[in-house]
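A closer look at the structure
Each chain, written out:
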Amino acid sequence: MRLLLSLCLLSLVVPVAGAAEATSKRPNIVLILTDDQRFDTLGCLGHPVLKTPHLDALANRGTIFRNSFVTTSICAISRACLITGQYASRHGIQNFAKPLTAEQLASSFPVRLRQAGYRTGLVGKWGLGGQLPKDSWDYFTGYSGQGQYFKPGEKGTGEHLTDTQRDEALQFLAGCNADQPFLLQVYTKAAHCQDGDAWQYQPAPRYKTLYEDVTYPRPVTATETDFQAQPHFLQTSEAHNRWKLRFTEELFQPTVRDYFRLVQGIDDLAGALTARLKEQGLAENTVFIFTSDNGHYLGEHGLAGKWFMHEESIRVPLFVSDPRVATGARGQNRQEFALTIDIAPTIFDLAGVAPSPGLQGRSLAPIVRGEQPANWRPEYYYEHRFVHPHIAQTEGIRTARWKYTRYISETPVYEELFDLAADPYERKNLANQPESTAVLAELRQKTDAAYAEIK
């Protein structure tokens, strides 16, 4: 009888222990989302100036996605794409004012992971309209709008916003332990400009002389000839208006140095997080995902900002660093098309949480594990339907070789076709060339079909 009783008690205890063990094995996840950081601005991506040792270390023991793109290149809409895992034409947020619906928030990965037992935190730029959804996280210090790099009266001397966000993220980590997995979203303002300020890019004071001795080469397409080759509506666009504030002959070097200094602050933030995780014994079970909400022109084609379909605007850095993967799967450089809408399904997959219905992206986790997923997308559809009097609306298809763009708010619709293999800087528009008729027709059809599918 004593033996039988002992076995019965053991049968009650073992499942509980097993559940605790399973919970402890679920990975912690840190998602760092930067702002306006173009695809090439990390040391590990071959940048000739930037030194980003902390991010490089994470990337080099993880998986770098060399072809990572946003589905809409503008802050608020791209962030909505990320959290919903959907194209803008599906989630319906096409401006800075419209918030997530209650249903969209409830099905988002941070809310779903919290329901599944994760401790959740969000630090930094929320970026979407409506009231801040503070109660949907365990720890939330997000803010509306763009935010300010410095407090009033302290510009260039006081505490920098990136450092504030670092300290808030560290405060969240201080409350974490190995008994409960966590999700931490760190959404920096860097490397976004300070809109409306004469000093457009405002790094922390400690970086004041960093890169001061560097003369950064102007982009290949930052010429008057390339600017004049643009259609009139781009020459008179908001993107060229902002170019005048940043990338004239006089402003170019100071602007790019400050932009690089903001990226340096992001790297130092990442270094502080990785150091704290090691101190707390959590590093070996923490996955880092690093990306940006959109790209950024540095004067290419006579443009600044983002919005349009040039590579500088739509392409972003992305790596996933998972210390749990097999040694042979570390240090990968993958060529698959990865999109903003893939982040949500990837996080669901990593956390072992069933994905919410309606996701349009795919999990990147199998690729991170070194697998070759079947039927991966051979191309991707891009859209930008934000309404602005000086920003033309666009859509198009980007394949491995070709890029087709049409400016759908122009009358008549203006088309561009670039052979990226022969013309990586997008300087020769082939849309009106007789020899391109077949390719143009095919990509027009693909654009129509893709839009019909993603709506």
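On to the overall build of the chain, then. Across its full length, the chain holds 15 helices and 14 strands. Along the longest, intermediate and shortest principal axes, the C-alpha atoms of the chain span 90 × 55 × 45 Å. Expressed as a percentage of the 455 residues in the chain, the buried residues total 59%. Considering only residue pairs separated by 6 or more positions, the chain has 71% of its internal contacts joining residues 24 or more positions apart.

Turning to the packing of aromatic side chains, a few remarks are in order. A full pass over the atoms with the stated rule returns 23 aromatic pairs. Three or more aromatic residues joined by ring pairs make a cluster, and in this case those are Tyr201, Tyr211, Tyr216, Tyr259 and Phe260. A cation sits over an aromatic face here: Arg385 above Tyr451, 4.0 Å from the ring centre.

With antiparallel pairing, the 4 strands of this open sheet are ordered in space as E11-E12-E13-E14. The open sheet is flanked by strand E11 (379-384) and strand E14 (414-419), the only strands paired with a single partner. For this sheet, the mean inter-axis angle between neighbouring strands, taken without regard to orientation, is 10°. Two elements, strand E13 (residues 402-407) and E14, share 6 bridges in a ladder whose sense is antiparallel. Bridge assignment links Lys403 to a residue of E14, and that residue is Phe418. Strands in contact with helix H15 (residues 437-454) are E11, strand E12 (394-399), E13 and E14; relative to E13, the strand with the most contacts, it is inclined by about 65°.

Of all 10 residues in helix H3 (residues 75-84), 10 are buried; the element is thus mostly enclosed. Elements that come into contact with the buried residues of H3 comprise strand E1 (28-34), helix H4 (88-91), helix H6 (109-115), strand E3 (119-125), strand E5 (182-187) and helix H13 (343-351). Directly after H3, the chain includes Gly85, whose backbone phi takes a positive value near 70°.

Below, the discussion takes up the pairing of E11. Counting buried residues along E11, 5 of its 6 residues qualify, which places the element largely inside the surrounding structure. For E11 and E12, the ladder comprises 6 bridges, and the chain directions are antiparallel. Its bridge partner being in E12, His384 is matched across the sheet by Thr394.

Turning our eyes to something else, we now look at the pattern of salt bridges. Going through the model one piece at a time under the given rule, you end up with 34 salt bridges. A salt bridge links Arg261 to Asp258; the shortest N-O distance between them is 2.7 Å. Taken together, the positions of Arg261 and Asp258, both in helix H11 (residues 252-279) and 3 residues apart, correspond to about one turn of that helix. Classification of Asp258 as buried rests on a relative accessible area of 12%. The salt bridge partner of Asp342 is Arg377, with a shortest N-O separation of 2.8 Å. Taken together, the residues span a long stretch of sequence, with Asp342 in the loop between strand E10 (332-339) and H13 and Arg377 in the loop between helix H14 (365-368) and E11 at a distance of 35 residues. The class for Asp342 is buried, based on a relative accessible area of 0%.

On to helix H10 (residues 238-246). Every buried residue belonging to H10 is among Glu238, Ala239, His240, Arg242, Trp243 and Arg246, and all of these are buried. Buried-residue contacts for H10 involve helix H8 (224-228), helix H9 (232-235), H11 and strand E8 (304-305).

Glancing now at the nonpolar core. With 50 residues, the main nonpolar core has Ile32, Leu173, Phe182, Leu184, Phe260, Leu273 and Phe319 as its most contacted residues. Those elements giving two or more residues to this core turn out to be E1, helix H2 (53-60), strand E4 (139-143), helix H7 (161-174), E5, H11 and strand E6 (286-292). It is H11 that provides the largest number of residues to this core, a total of 11 residues. Counting 41 residues, the second-largest nonpolar core is a separate cluster that includes Ile93, Leu128, Leu318 and Ile343.

Bringing the sheet that holds strand E2 (residues 63-69) into the picture now. Pairing in this open sheet of 8 strands is mixed, and the strands run E4-E3-E5-E1-E6-E9-E2-E10 from one edge to the other. Two strands lie at the open edges of the sheet, namely E4 and E10, each paired on one side alone. Strand-to-strand twist in this sheet, taken as the mean axis angle between neighbours without regard to direction, amounts to 15°. Sheet topology places E6 next to strand E9 (residues 318-321); 4 bridges connect them, and they run antiparallel. Pairing of Phe290 across the sheet is with Phe319, part of E9. H2 contacts E2, E6 and E9 of the sheet and is inclined by roughly 65° relative to E9. Running over the sheet, H11 touches E1, E5 and E6 and is turned about 170° from E6.

Okay, the pairing of E13 next. Burial of E13 is extensive: 6 of the 6 residues sit out of reach of the surface. Going residue by residue along E13, you find Trp402, Tyr404 and Arg406 tucked away on one face and Lys403, Thr405 and Tyr407 tucked away on the opposite face as well. Sheet analysis places E12 next to E13, joined by 5 bridges and oriented antiparallel. Note that in E13 the partner of Arg398 across the bridge is Lys403. Following E13, the chain reverses through 6 residues before pairing antiparallel with E14.

Criteria and thresholds
Residues numbered from 1 in each chain as written. Predicted model: local features only at pLDDT ≥ 70, side-chain atom pairs only at ≥ 80, totals over all residues. Heavy atoms only, no water. Helix = DSSP H or I, 4+ residues; strand = E, 2+ residues; numbered from the N terminus. Buried < 20%, exposed > 50% of the residue type's maximum accessible area, 1.4 Å probe, protein only. Contact = heavy atoms within 4.5 Å. Phe/Tyr/Trp six-rings, centres within 6.5 Å; stacked < 30°, edge-to-face > 60°. Lys NZ or Arg CZ within 6 Å of the ring centre and 35° of its normal. Pairing = 2+ DSSP bridges. Axes fitted to C-alpha atoms, helices over the stretch in contact; angles between N-to-C directions. Salt bridge = Lys/Arg side-chain N within 4 Å of Asp/Glu carboxyl O. Core = buried A, V, L, I, M, F, W, Y, C linked by side-chain atoms within 4.5 Å.

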